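Given next are the chains, with one letter for each unit.
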Amino acid sequence: MLETPLLVKRTFSNGRQEVVGKLAENKTGIYFQFDPSYLGEHHDSIAPFNIKADLNLQKAPRQPHYGLHGVFADSLPDGWGLYLMDRIFRRNGHNPQHITALERLAYTGNRCLGALSYEPAIDLTDTGSRDTEFITLGQEAVKEFEGTESDLIEQLMSAGGSGGARPKLTITKCKDGTFSTLADAKGEKLIVKLTSEKFSLQHSESVVEYIYMQMAKNLGIDVPIFSLIDAGNGHFWLQQTRFDCTPQGNYHMISACGLLDAPFRQPSLDYIDLVKASRLLCNIEEARKLVKRALFNYITVNQDDHSKNFAFLADDNDKWRLSPFYDIVYSPSPYKEHMTSFNGNGQSPSQALDLLAGQAGYSNAKPLQAMLDEIYQETRNFIQEAKNLGLSKRLISTIDNHMTEKWNIVK
């Protein structure tokens, strides 16, 4: 348990930093308090739905965020990053079971997605100035993920502690075109999503996600800048520009999980509520964008659409918008249901279209039917794109048939 409060800082898009407030813990739980100077300049909360913009002590709920407020839990990594973190703790003689959530935030320090950072940071890694070639580091990450312990665990933690259950790297593309795995490198910040034999799509996953990203982009859906990286041996990784970063600083970010206290490891969210939250937090235009993303997930069988796969960004004046669309790939659930349901139905939006339309400010469901048709017509390009990128005929047929099956239910 931390004996001193943890300072929460926010980095703005121009690189300027401010103290947001303090986090502290005792036997009863974890508490947050805004800094008076911060509230003097910012009248809106960093988590508008569950942290009030006042000077009172505010206790975090016990669940579902490890006893943290959701916006701070977003700063912690998920499955892959937590695994790496636990490896580091054990290497340094600490039992991960005895590490509190605030201590994990302190260890994360300034290596978070989004604009928040935490001081004083706990430093247990000694990567120094060692800049590992990112293809090599990615290959080591895949080996570690598949069960072979890597000697580069500290470098993996430094570059691979972002969100998500699967291995990835956060790297920097420098001005001279080279790539750096050092956290303090200057340049364009990227996330590289790796592949593994343990994935349901194995090493084809990045190629499928690349095609899905292209389809979404063709439909006018905002996605990160993306490309494929040849990792050798016929394998490709997906590279995405980090949308929470500017050339000088960061945008504040919160996931739907953190915003709504919605667990992400099991179904807990409904698109009706998510569209409503988007309208209330942002505006009606953003709510309509989310409707289109929901229908895209349905047609393309992206059923791993849990509450951490939706996020919102705030500019320096705390005006919110949807983040670019991310983590979109063919991912059928063994239960044949979406993690985020459609008015309680995890299989189809057919009975929810009128309600979705109403939350997005439409007078009827006709615009949504038009979206479904537009999305399905775009998916008709999947077969040729997949062939061009070398996917197997069997996988192409499986995905295409499944998308057509979903279309036939709602057309």
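To be clear, the structure that these remarks concern was listed above.
All of these numbers come straight from a predicted model, not from anything done at the bench. (Residues numbered from 1 in each chain as written. Predicted model: local features only at pLDDT ≥ 70, side-chain atom pairs only at ≥ 80, totals over all residues. Heavy atoms only, no water.)

**Q** Tell me about the packing of helix α9 (residues 271-281) against helix α10 (residues 284-299), residues and numbers included.
**A** As a packed pair, α9 and α10 sit with axes 7 Å apart at the nearest point and diverge in direction by 155°. It follows from the interaxial angle that α9 and α10 lie roughly antiparallel. For the crossing formed where α9 meets α10, the hand is right-handed. Between α9 and α10, the contacting residues are Tyr 271, Leu 274, Val 275, Ser 278 and Arg 279 on the first element and Ile 284, Ala 287, Leu 290, Val 291, Ala 294 and Asn 297 on the second. Looking at the contact of α9 with α10 residue by residue, the class counts come to 8 nonpolar, 2 polar and 1 charged. (Axes fitted to C-alpha atoms, helices over the stretch in contact; angles between N-to-C directions. Helix = DSSP H or I, 4+ residues; strand = E, 2+ residues; numbered from the N terminus. Parallel < 35°, antiparallel > 145°, perpendicular 65-115°, else oblique. Left-handed = near helix turned anticlockwise from the far one by under 90°. Contact = heavy atoms within 4.5 Å. Nonpolar A, V, L, I, M, F, W, Y, C, P; charged D, E, K, R; others polar.)

**Q** Let's hear about unusual backbone geometry: which residues, and what values?
**A** Across the junction of Gln 63 and Pro 64, the peptide omega takes the value 5°, indicating a cis bond. On the secondary structure map, Pro 64 appears in the loop between β4 (58-59) and α2 (70-73). Each neighbour pair has its own omega, and for Glu 119 with Pro 120 the value is 0°, a cis peptide bond. Even without glycine at this site, Gln 202 takes up a positive phi of about 50°. Tracing the backbone through its elements, the reader meets Gln 202 in the loop between β8 (188-193) and α7 (205-218). The partly exposed category is assigned to Gln 202, whose relative accessible area is 40%. (Buried < 20%, exposed > 50% of the residue type's maximum accessible area, 1.4 Å probe, protein only.)

**Q** Outline the pairing of β8, listing residues and values.
**A** Strand direction decides the pairing type here: strand β6 (residues 168-173) and β8, joined by 6 bridges, are antiparallel. Each bridged residue has a counterpart across the sheet, and for Lys 173 the counterpart in β8 is Glu 188. Sheet analysis places β8 next to strand β10 (residues 235-241), joined by 4 bridges and oriented antiparallel. What sits directly across from Leu 190, in β10, is Thr 241. (Pairing = 2+ DSSP bridges.)

**Q** If you had to explain the packing of α10 against helix α12 (residues 366-379) to someone new, which residues and values would you point to?
**A** Their axes nearest at 10 Å, the elements α10 and α12 cross at an angle of 50°. With respect to α12, the element α10 is oriented oblique. In the packing of α10 onto α12, the handedness of the crossing is right-handed. Within the contact between the two elements, α10 uses Arg 288, Val 291, Lys 292, Leu 295, Phe 296, Tyr 298 and Ile 299 and α12 uses Leu 368, Met 371, Leu 372, Glu 374, Ile 375, Tyr 376 and Thr 379. By residue class, the composition of the contact of α10 with α12 is 10 nonpolar, 1 polar and 3 charged.

**Q** Requested: an account of the sheet that holds β4, with residues and values cited.
**A** In space, the 5 strands of this open sheet follow the order β4-β3-β2-β1-β5, with antiparallel pairing throughout. The two strands at the open ends of the sheet, each matched to only one other strand, are β4 and β5 (116-119). Note: strand β1 (residues 6-11) against strand β2 (residues 17-26), 6 bridges, orientation antiparallel. Paired with Val 8 across the bridge in β2 is Gly 21. Docked against the sheet, helix α4 (residues 101-108) engages β1, β2, β3 (29-34) and β5, running at close to 150° with respect to β2.

**Q** Which residues make up α10, and what are the values?
**A** Look at α10: 23 Å from first C-alpha to last across 16 residues, which is about the 22 Å you get at 1.5 Å a residue. Burial within α10 is extensive, with 12 of its 16 residues counted as buried. The complete set of buried residues in α10 reads Glu 286, Ala 287, Leu 290, Val 291, Lys 292, Arg 293, Ala 294, Leu 295, Phe 296, Asn 297, Tyr 298 and Ile 299. If you follow the buried residues of α10, they end up packed against α7, α9, β14 (320-322), α11 (353-359), α12 and α14 (393-410). Between the side-chain oxygen at the start of α10 and the backbone nitrogen of Glu 285 there is a gap of 3.0 Å, and the oxygen is on Asn 283. Positive phi shows up at Val 301, right after α10, with a value of about 60°. (Expected span 1.5 Å × (residues − 1). Polar contact = N/O pair within 3.5 Å; in protein donor to acceptor, adjacent residues only side chain to side chain.)

**Q** Lay out the pairing of β2 with the relevant residues and their values.
**A** Successive side chains on a regular strand alternate, one facing one side of the sheet and the next facing the other. Adjacent in sequence and paired antiparallel, β1 and β2 are bridged by 5 residues, among which Gly 15 carries a positive phi angle near 95°. Relative to β3, β2 is paired through 6 bridges, and the arrangement is antiparallel. Opposite Lys 22, over in β3, you have Gln 33 as the bridge partner. Hairpin geometry of β2 and β3 is characterised by an intervening segment of 2 residues between the two adjacent antiparallel strands.

**Q** Please give an account of the sheet that holds strand β13 (residues 311-314) that cites residues and values.
**A** One key point about sheets: their strands pair by backbone hydrogen bonds, in either a parallel or an antiparallel sense. Strand order in the open sheet made by the 3 strands is β11-β13-β14, with antiparallel pairing throughout. One side of each edge strand has no neighbouring strand; the edge strands of this open sheet are β11 (252-255) and β14. Mean inter-strand twist for the sheet, computed between neighbouring axes without regard to direction, equals 30°. Across 4 bridges, the pairing between β11 and β13 is antiparallel.

**Q** I'd like to hear about the nonpolar core, residue by residue, with values.
**A** Core analysis: the largest hydrophobic core is formed by 90 residues, its most contacted members being Leu 23, Phe 72, Phe 296 and Phe 382. Considering each element in turn, this core owes the most residues, 8 residues, to α10. For Phe 382, the contacting residues outside a window of four places in its chain are Ile 211, Tyr 212, Met 215, Leu 391, Ile 396, Ile 399 and Met 403. In this structure, Leu 84, Val 142, Ala 159 and Ile 171 belong to the second largest nonpolar core, which totals 26 residues. (Core = buried A, V, L, I, M, F, W, Y, C linked by side-chain atoms within 4.5 Å.)

**Q** Help me get a handle on α7, residues and values and all.
**A** Taking 1.5 Å as the rise per residue, α7 with 14 residues should run 20 Å; its terminal C-alpha atoms sit 20 Å apart, in good agreement. For α7, a buried count of 10 out of 14 residues is recorded, marking the element as mostly surrounded by other parts of the structure. Just beyond α7, the residue with positive phi is Gly 220, at close to 85°.

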